[in-house]
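# Secondary and tertiary structure notes
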Amino acid sequence: MLRSIHRWPGLIAALLVLVLALSGAALSVFPALERVGAPQAPAGLSVAELAAQVEAGHPGLEQIRRAPSGRITAWWFDAGTPGSAVIDPATGADAISADPSPVELWLTNLHRSLFLGDTGRLVMAAGAAAMAVLTLSGAALVARRMGGWRRWFGRTRGPWPGRVHVELARFAVGGLLLSSLTALWMTASTFSLLPDEAVDPAPAVATAGLPRLAPTQIPLLAETPVADLRDLSFPSPQDPTDVFTLTAAGGTALIDPGTGTVLSSALPSAWERASAIVEMLHTGRGAAVLGLILGLMALSVPVLAVTGAVQWLRTRRSGMRLPGNVASGSAETILLVASEGGTTWGFARTLRDALAQAGHSVHAAPLSAFDPARYGKAKRFLILAATYGEGEAPAAARGVLARIRALKTPPAAPLAVLGFGDRSFPEFCGYAQDLTEAARAVGWAELMPLGTVNRQSPQDFARWGRDLGDVLGQPLDLAHLPQVPQGEVLRLISRRDYGAEVQAPAAILRFALPQLGLWQRLTGQGFARFEAGDLLGVLPEGSDLPRFYSLASGARDGFVEICVRRQPGGLCSGQLTALAPGATISAFLRRNPAFHPMRGHKPLILVGAGAGIAPLAGFVRANRRHRPVHLWFGARTPESDFLYEDDLAAWRADGRLSGLSTAFSRAGRREHVQDRIGAEAAQVGRLLAAGAQVLVCGGREMAAGVREALSAILEGQGQSLALLKEEGRYAEDIF
Ligand SMILES: Cc1cc2nc3c(=O)[nH]c(=O)nc-3n(C[C@H](O)[C@H](O)[C@H](O)COP(=O)(O)O)c2cc1C
């Protein structure tokens, strides 16, 4: 609910709020410039002295006004010609032109009304209202995410768009709320919806009709310091009944020009005073530093808009929306989902529907939104969690384990965890296991022992559903039809074959990028945005289960490239390695953020064997900034299966690859890549000491050997692989 309140005004009024924020930020500079540029009155100068000095230079003086910045402007009528200037109060002489800056006028018109008069003012007021709703709902969402208002400035976790959004929001929210609420007040004032009009003094009774006194002879003008002055109007020489009108901090007075006596006066009402304060807070006129701070905060709005939109698109893309969700505070079953590719959300939907049909109220949410304080009516927690990397959390759920481990009191309602994984990975459902152990460690009661679903098996899921039904005391039929991801057609443009002579047939397959729609380009969906190391899901003919291949190219390369080793009896690898140029396949993209080089210029140690070179070759190809990259590559013989041999030589020559070490198991020294790493331990050690990140891709045995070789080197440096992993400096992509 709160999220919808935040999302919809944000999406609908985004442009309006952006115009308001950016023009407001630009306008905030003017009061500061005026404050710095305006000649200030010397201390103790009275209004009478100032008026006398200005009148000496401009006998036809009509009005003097002092702005909150201290800037004094005078208007006069000289020989039938009107004139005006900013006055230097120290001398009474003209200082600079009183004409407002055309840029400021243009910006003010844009900011107030989009140049559309009253209609524009109402539109901008709607923008300000949207901004107020956004800031209030945003503040509540930040507090919820951080685990309460008291942890407002706590550490943020999770994927970057959400993190940047929260980091910025918590600093800017106060200023944005102040700006939007004061804008609404000022609009109400403009449309006379507030009783804040200036209280005029009662009309003056007749003046004495005597000749006008000099300003210095008028007691009230002599007593009033310039610092209190707002406005002083002079009586018209042609009208003997006209008076001096002085508006100062304390109110407005009408003064008989012939006697200097106050004929009538009025104090400003509380509303008028409040409106003056609101105007000062909004415009920064009279509070230039505050204005600049508010302007800076307004500059966060474009970043908030972009990160908010990216987050929204990501959520949509990963299917994290189950319509008809019950609010977190009223649901009895809390269903939390940790997913990277989105398929677990399909299972969550089936489970939610079955539970709802059985009469349960279910709140489904991403696991990253887990917050024990929010589930007032919870009777049970169900966590569906996929596993990535090497037994790790999907990117969106990173940090949740630490939050569970830090719980002082576990939720009262018991927990069941269902892991989604693939038995071909060494850490089958490793993340679900970690969640179960963390929950047990903090004393969170178990509703059911850990369940697992291998390769999205509907049978495994149905079996777990029956067990859950037994615990709930009512049958639960979970008939889930896994959704086959929508593939796009990729056409093969070239292939390079290797390894047939050494019984390790493999091919580098290069496909043309599919045609992209405008929406895909704008949102970065599908093949619009990918990097080497991401995964290509290929749907083989005759199976609904996709097979994943690491990408050897990024979108910037302009093609989609993978390496495929033909597995004996392998359905997908058999079909792929039989493709002729011009043939097509159906495939989709899956991001794999756990296996990307970290940003920066620290060295990369790339280790791969056979077809495992694919993502590593992609990293080298993308290394246009020439960070130090050293590749250790293993194959059988240099003649048969040295994949990318020519490309590697070219990248070595142009500086994208700084070092290449090869290991051939059936030629020369007859060694494996891990042996080469051991033999070159000194160089590996130097790179590790320089902060290198290690990325390993290949078979399981090779990865185990590499781990062992690296551990030996790290031990010598007082380091460990576990430490490296913790710092995000070691990642594997194993098949
Ligand atoms: C790059 C990658 C790494 C994976 N790592 C593991 C793993 O270490 N252990 C495991 O059991 N499953 C692993 N899996 C399998 C996924 O957990 C499994 O396919 C899951 O159903 C995906 O759910 P999702 O689509 O909701 O993210 C991995 C899958 C991919 C694509």
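Because the structure is a prediction, the values reported are computed rather than measured.

So, on to the site of the ligand. Close contacts around the ligand come from 22 residues, with Ser339, Thr343, Thr344, Thr387 and Tyr388 the closest. Between Gly342 and the ligand, the recorded distance is 3.4 Å, taken from a backbone N or O atom to an oxygen atom. In this structure, a nitrogen atom belonging to the ligand sits 2.8 Å away from a main-chain N or O atom of Glu427. In isolation the ligand has 650 Å² of accessible area, and contact with the protein removes 95% of it.

The subject of this paragraph is the packing of helix H7 (residues 160-190) against helix H10 (residues 288-298). Where H7 meets H10, the closest approach of the two axes is 8 Å, and the angle between their N-to-C directions is 110 degrees. The orientation of H7 relative to H10 falls into the category roughly perpendicular. Note on packing geometry: the crossing formed by H7 with H10 is left-handed. Taking contact as the criterion, the partners of Phe171, Ala172, Gly175, Leu176, Leu178 and Ser179 in H7 are, on H10, Leu294, Met297 and Ala298. Within the contact of H7 with H10, the residues separate by chemical class into seven nonpolar, two polar and no charged.

Turning our attention to unusual backbone geometry. For Leu114, which is not a glycine, the phi torsion comes out positive at approximately 55 degrees. Among the structural elements, Leu114 can be located in the loop between helix H5 (102-113) and helix H6 (117-146). The exposure class of Leu114 is partly exposed, given its relative accessible area of 23%. Positive phi is not limited to glycine here, since Gln456 has a value of about 60 degrees.

Right, let's get into the UniProt feature "transmembrane region" (unreviewed entry) in the protein chain. The feature "transmembrane region" (unreviewed entry), as annotated in UniProt, sits at residues 122-143 and 288-313 in this numbering. Annotated as residues 288-313, this span is 96% helix and 0% strand, and its ends, taken at the C-alpha atoms, are 39 Å apart.

A separate point is the packing of aromatic side chains. Across all of its chains, the model carries 19 aromatic pairs by this definition. On the numbers, 6.3 Å between centres and 50 degrees between planes, the contact of Phe420 with Phe461 is tilted. Taken together, the residues span a long stretch of sequence, with Phe420 in strand E12 (residues 415-421) and Phe461 in helix H15 (residues 458-472) at a distance of 41 residues. A connected cluster of aromatic rings, assembled from ring pairs, spans Phe370, Tyr375, Phe381 and Trp444.

Taken together, the five strands give an open sheet; going across it, the order is E22-E21-E20-E23-E24, and neighbouring strands pair in parallel fashion. Taken across any chain shown, the strands that pair with only one partner, and hence form the sheet edges, are strand E22 (659-664) and strand E24 (730-734). Strand-to-strand twist across the sheet, computed as the mean angle between neighbouring axes with direction ignored, equals 10 degrees. Sheet topology places strand E20 (residues 604-609) next to strand E21 (residues 629-635); six bridges connect them, and they run parallel. When the bridges of E21 are listed, Leu606 appears paired with Leu631.

Within strand E7 (residues 251-255), five of the five residues are buried, which leaves it mostly tucked inside the rest of the structure. Residues Gly251, Ala253 and Ile255 line one face of E7 and the alternating positions Thr252 and Leu254 line the opposite face, and both faces are buried. Linking strand E6 (residues 244-248) back to E7 in an antiparallel pair, the connection comprises two residues. Judged from the four bridges that link them, E7 and strand E8 (residues 262-266) form a sheet pairing that is antiparallel. Across the sheet, residue Thr252 finds its bridge partner in E8, namely Ala266.

With that out of the way, let us pick up the nonpolar core. Ranked by size, the top nonpolar core spans 31 residues in total, and within it Leu336, Leu367, Phe370, Phe381, Ile404 and Tyr431 carry the most contacts. At the level of elements, strand E9 (333-338), strand E11 (380-386), helix H13 (400-405), E12 and helix H14 (430-441) are the ones that each hand at least two residues to this core. Looking at this core element by element, the count peaks at five residues for H14. Apart from the residues lying within four places of it in its own chain, the contact partners of Phe370 are Leu336, Tyr375, Phe381, Arg403, Ile404, Leu407, Pro411 and Trp444. Counting residues in hydrophobic clusters, the runner-up holds 30 residues, among them Ile508, Ala552, Leu604 and Phe664.

Let us look at the side chain of Ser275. You can see Ser275 is positioned in helix H9 (residues 270-283). According to the relative accessible area criterion, Ser275 is buried, its value standing at 11%. Ser275 has contacts with Trp185 and Asp196, leaving out every residue within four places of it along the chain.

Time to look at empty space enclosed by the protein. Within the structure shown, the criterion is met by three cavities of 30 Å³ or more. Here the largest cavity is characterised by a volume of approximately 50 Å³. Around the largest cavity sit Glu340, Tyr388, Gly389, Glu392, Ala393, Ala395, Arg398, Asn592, Pro593 and Ala594, which together line it. Across the lining of the largest cavity, the residue classes break down as five nonpolar, two polar and three charged. Structurally, the lining of the largest cavity is a two-domain feature, drawing no fewer than three residues from each of domain 3 (320-472) and domain 4 (488-594). In this structure, the second largest cavity spans a volume of roughly 40 Å³. Every residue lining the second largest cavity is counted, ten residues in all, and those nearest its centre are Val337, Ala338, Ser339, Pro366 and Ala396.

What follows concerns the state of the cysteines. Using the criterion set out here, one finds zero disulfides in the structure. Looking at Cys697, it has no disulfide partner, and the nearest cysteine sulfur is the one in Cys563, 9.1 Å off.

Turning our eyes to something else, we now look at the sheet that holds strand E18 (residues 559-565). Within a beta sheet, neighbouring strands are joined by backbone hydrogen bonds and run either parallel or antiparallel to one another. Reading across the sheet, the six strands line up as E17-E16-E19-E14-E15-E18 and stay open at both edges, with antiparallel pairing between neighbours. The open sheet has two free edges, formed respectively by strand E17 (547-550) and E18, since each of these has just one partner strand. Geometrically, the sheet is characterised by an average inter-axis angle of 40 degrees between neighbouring strands, direction not taken into account. When strand E16 (residues 535-538) meets strand E19 (residues 584-590), the two strands line up antiparallel, connected through four bridges.

About the criteria used
Residues numbered from 1 in each chain as written. Predicted model: local features only at pLDDT ≥ 70, side-chain atom pairs only at ≥ 80, totals over all residues. Heavy atoms only, no water. Near = heavy atom within 4 Å. Polar contact = N/O pair within 3.5 Å; in protein donor to acceptor, adjacent residues only side chain to side chain. Areas by Shrake-Rupley, 256 points an atom, 1.4 Å probe, with all protein chains shown as cover. Axes fitted to C-alpha atoms, helices over the stretch in contact; angles between N-to-C directions. Helix = DSSP H or I, 4+ residues; strand = E, 2+ residues; numbered from the N terminus. Parallel < 35°, antiparallel > 145°, perpendicular 65-115°, else oblique. Left-handed = near helix turned anticlockwise from the far one by under 90°. Contact = heavy atoms within 4.5 Å. Nonpolar A, V, L, I, M, F, W, Y, C, P; charged D, E, K, R; others polar. Buried < 20%, exposed > 50% of the residue type's maximum accessible area, 1.4 Å probe, protein only. UniProt positions renumbered as here; feature names shortened; annotations may be inferred. Phe/Tyr/Trp six-rings, centres within 6.5 Å; stacked < 30°, edge-to-face > 60°. Pairing = 2+ DSSP bridges. Core = buried A, V, L, I, M, F, W, Y, C linked by side-chain atoms within 4.5 Å. 1 Å grid on protein atoms, 1.4 Å probe; cavity = no way out; pocket = protein on both sides within 12 Å on 5 of 7 lines; lining within 4 Å. Points joined across faces, edges and corners; volume = space filled by probe spheres on them. Domains from an automatic or database assignment. Disulfide = S-S within 2.5 Å.

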